[in-house]
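Reading the structure
Each chain, written out:
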Amino acid sequence: MEERPIERALGTAGRIVLGPWPIYPRAILLIVLFSLVVRGATRLLNQPEGAAPAGEMTLLIGITTITVAIVFWGVASALARVPTTRARSTYLATLLVISLVGSGTLIILRVVLPDGAVESRAPVAAVLLATLVITFTAVFATNGLMGYTIDRLRRQEEAVRAERSLLLASDERVRADTARFLHDSMQSTLLRATMRLAMIEREDLSPEARQQLRVVIDELDDVREDSIRGVGRRLSPPLSTTGLLVSITELVATYDGTMAIAVVFDDAAAERFRQVGPDDRAALAVYRIVEQGLQNALKHGHAESVRVEIESAGESTTVRVIDDGSGIAAVRSAGSGTAVISAWVDDVGGAWDLRPGRAGGAVLEARLLV
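If you're wondering where the values come from, they're calculated on a predicted model, not measured in any experiment.

1. Topic: the overall build of the protein chain
When helices and strands are counted, the protein chain shows 13 helices and five strands. Residues classed as buried in the protein chain amount to 38% of the 370 residues present. Considering only contacts within the protein chain whose residues lie at least 6 apart along the sequence, 70% involve residues at least 24 apart. Carbon and sulfur atoms form 62% of the exposed surface of the protein chain, whose accessible area is close to 20600 Å².

Below, the structure written as structure tokens:
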């Protein structure tokens, strides 16, 4: 919500008072109920001798309180759906209508069901005006405070999400730069080294020296082709060229010999992530969540087998990492990467949870709005 000059001049009070805010029926209901209960208690405590029995007065006050509260709740709920409450004039008019209807109901009930022996001698119009002013002030302040508080919390949440997104983007840039360095510099250096060693191999060497040199060349080739290439693809998976399924398959392959991992894409997810654009945050989020889930299952849960399920339906994708490890307590330990999962879920929208598996272990489930 853009801050106006008059709001800047009045400060926080100006924002609370001037709005406009959405209508919050629950907040209005609570302040009305509180006011009516105080009013009723005051009337009961101030009844003179000879007044109606306390039980009868309590019943009348209760009927008045419940009826007026329902009226306030119903009118506020109905007007809360009016989109034009975003305009300041309409916002104030809406609160005025709520206060007027509620105050009018209270005055009518006071006439029909007198709930106190001490009757006001002031004209009905004056009583209505005084009640309207008091009610409008209470409703106005309550709704404004609620709107201001929720707006502040929303802004703080958006700031946290923006900061998380920046951190994720920065982390991905570092990963991509590191992967490029490994590919462009380290692999080139090792390639030049193996070529020089191959030239030396062709010289007049003893069979034993040539054999040892060949072993070194082969080991360097293995490091260049497999280790460095694999690390680079783990740091920054080439989703746009290989697709998500291939990238996750390569990720799973790094756990060979440590965990048995099964990956299942349903038909919709397989089609959705068959081709991935260079800026597809959803695919990268799925990859990173699976990556963290597998790390947690092995490192913290000491799992022996894991099942990864990826499903798409409409505009959402669900990721599940189901393991047979030691359970939630271990996976939620410090440094278990749950902050990374939260950051990615916030980045693309959605929710996630970690719950016990039916047969033990843990189930990580993220529902992404992508």
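2. Comments concerning the pattern of salt bridges
Per the stated rule, a full pass over the model turns up 15 salt bridges. Notably, a salt bridge pairs Arg367 with Asp353, separated by 3.6 Å at the nearest N-O pair. Taken together, the positions of Arg367 in strand β5 (residues 362–368) and Asp353 in strand β4 (residues 350–356) put the pair 14 residues apart, joining distant regions of the chain. Residue classification places Asp353 among the partly exposed positions, given a relative accessible area of 26%.

3. Structural notes on the packing of aromatic side chains
For the coordinates displayed, the defined rule picks out two aromatic pairs. Their ring planes at 80° and their centres at 6.5 Å tell us that Trp21 and Tyr148 sit as a pair that is edge-to-face. Here the residue Trp21 occupies a position in the loop between α2 (12–18) and α3 (25–45), and Tyr148 occupies one in helix α6 (residues 124–201), the gap between them amounting to 127 residues. Exposure class is identical for Trp21 and Tyr148. Each is buried.

4. Topic: the sheet that holds strand β2 (residues 305–313)
Strand order in the open sheet formed by five strands is β1-β2-β3-β5-β4, with mixed pairing between adjacent strands. Two strands bound the open sheet, and with one partner strand each, they are β1 (260–265) and β4. Across the sheet, the mean angle separating the axes of adjacent strands is 10° when strand polarity is ignored. Where β1 lies against β2, six bridges are found, and the strand directions are parallel.

5. Considerations on the packing of helix α11 (residues 281–299) against helix α13 (residues 338–348)
Taken N-terminus to C-terminus, the directions of α11 and α13 make an angle of 160°; their axes are 10 Å apart at the nearest point. It follows that α11 is roughly antiparallel to α13 by the angle criterion. The handedness of the crossing between α11 and α13 comes out as left-handed. Every residue of α13 that contacts α11 at Arg281, Ala282, Leu284, Ala285, Arg288, Ile289, Gln292 and Asn296 is listed here: Val340, Ile341, Trp344, Val345, Asp347 and Val348. Class assignment for the residues of the contact of α11 with α13 results in nine nonpolar, two polar and three charged.

6. Things to note about the environment of Asp151
Residue position: Asp151 is located in helix α6. In this structure, the C-alpha to C-alpha distance between Asp151 and Trp21, residues 130 residues apart in sequence, is 8.9 Å. Excluding its chain neighbours within four sequence positions, the residues that come into contact with Asp151 are Arg15 and Trp21. A distance of 2.4 Å separates the side chain of Asp151 from the side chain of Arg154, its partner in a polar contact.

7. Observations concerning α3
Because an α-helix completes one turn every 3.6 residues, residues spaced three or four positions apart along the sequence face the same direction. Here α3 spans 30 Å end to end across 21 residues, near enough to the 30 Å set by a 1.5 Å rise per residue. Here α3 has its buried residues at Pro25, Ala27, Ile28, Val32, Leu36, Arg39 and Gly40.

8. Quick look at unusual backbone geometry
A positive phi angle, near 50°, is found at His302, a position not held by glycine. Looking at where His302 falls in the secondary structure, it is placed in the loop between α11 and β2. Taking relative accessible area as the criterion, His302 reaches 60% and is therefore assigned exposed.

9. Considerations on the environment of Gly147
Considering the arrangement of structural elements, one finds Gly147 in helix α6. According to the relative accessible area criterion, Gly147 is buried, its value standing at 2%. If near-sequence neighbours (up to four positions away) are discounted, Gly147 is found in contact with Trp21 and Tyr24.

10. Overview of helix α9 (residues 244–253)
Taken together, the buried positions of α9 are occupied by Leu244, Ser247, Ile248, Leu251 and Val252. Relative to the axis of α9, the buried residues are bounded by an arc of 140° and lie together on one face.

11. Let's talk about the side chain of Arg288
Counting through the fold element by element, Arg288 comes out in helix α11. For Arg288, the side chain forms a polar contact with the side chain of Glu291, separated by 3.0 Å.

12. As for the side chain of Thr65
Along the polypeptide, Thr65 turns up in helix α4 (residues 54–79). A residue is classified by how much of its surface remains accessible, and Thr65, at 10% relative accessible area, is buried. Ignoring any residue separated from it by four or fewer positions in sequence, one finds Thr65 in contact with Leu33 and Leu36.

13. A closer look at the packing of α4 against helix α5 (residues 88–112)
To characterise two packed helices, one gives the angle between the axes of the helices and the distance between these axes. One can describe the packing of α4 onto α5 by two numbers: an axis separation of 9 Å at closest approach and a directional angle of 160°. One finds that α4 runs roughly antiparallel with respect to α5. For the pair α4 and α5, the sense of crossing is right-handed. In this structure, α4 uses Thr64, Thr67, Val68, Val71, Phe72, Val75, Ala76 and Leu79 to contact α5, whose residues at the interface are Thr94, Val97, Ile98, Ser99, Val101, Gly102, Ser103, Thr105, Leu106 and Leu109.

Calculation criteria
- Residues numbered from 1 in each chain as written.
- Predicted model: local features only at pLDDT ≥ 70, side-chain atom pairs only at ≥ 80, totals over all residues.
- Heavy atoms only, no water.
- Helix = DSSP H or I, 4+ residues; strand = E, 2+ residues; numbered from the N terminus.
- Buried < 20%, exposed > 50% of the residue type's maximum accessible area, 1.4 Å probe, protein only.
- Contact = heavy atoms within 4.5 Å.
- Areas by Shrake-Rupley, 256 points an atom, 1.4 Å probe, with all protein chains shown as cover.
- Salt bridge = Lys/Arg side-chain N within 4 Å of Asp/Glu carboxyl O.
- Phe/Tyr/Trp six-rings, centres within 6.5 Å; stacked < 30°, edge-to-face > 60°.
- Pairing = 2+ DSSP bridges.
- Axes fitted to C-alpha atoms, helices over the stretch in contact; angles between N-to-C directions.
- Parallel < 35°, antiparallel > 145°, perpendicular 65-115°, else oblique.
- Left-handed = near helix turned anticlockwise from the far one by under 90°.
- Nonpolar A, V, L, I, M, F, W, Y, C, P; charged D, E, K, R; others polar.
- Polar contact = N/O pair within 3.5 Å; in protein donor to acceptor, adjacent residues only side chain to side chain.
- Expected span 1.5 Å × (residues − 1).
- Arc of directions from axis to C-beta.

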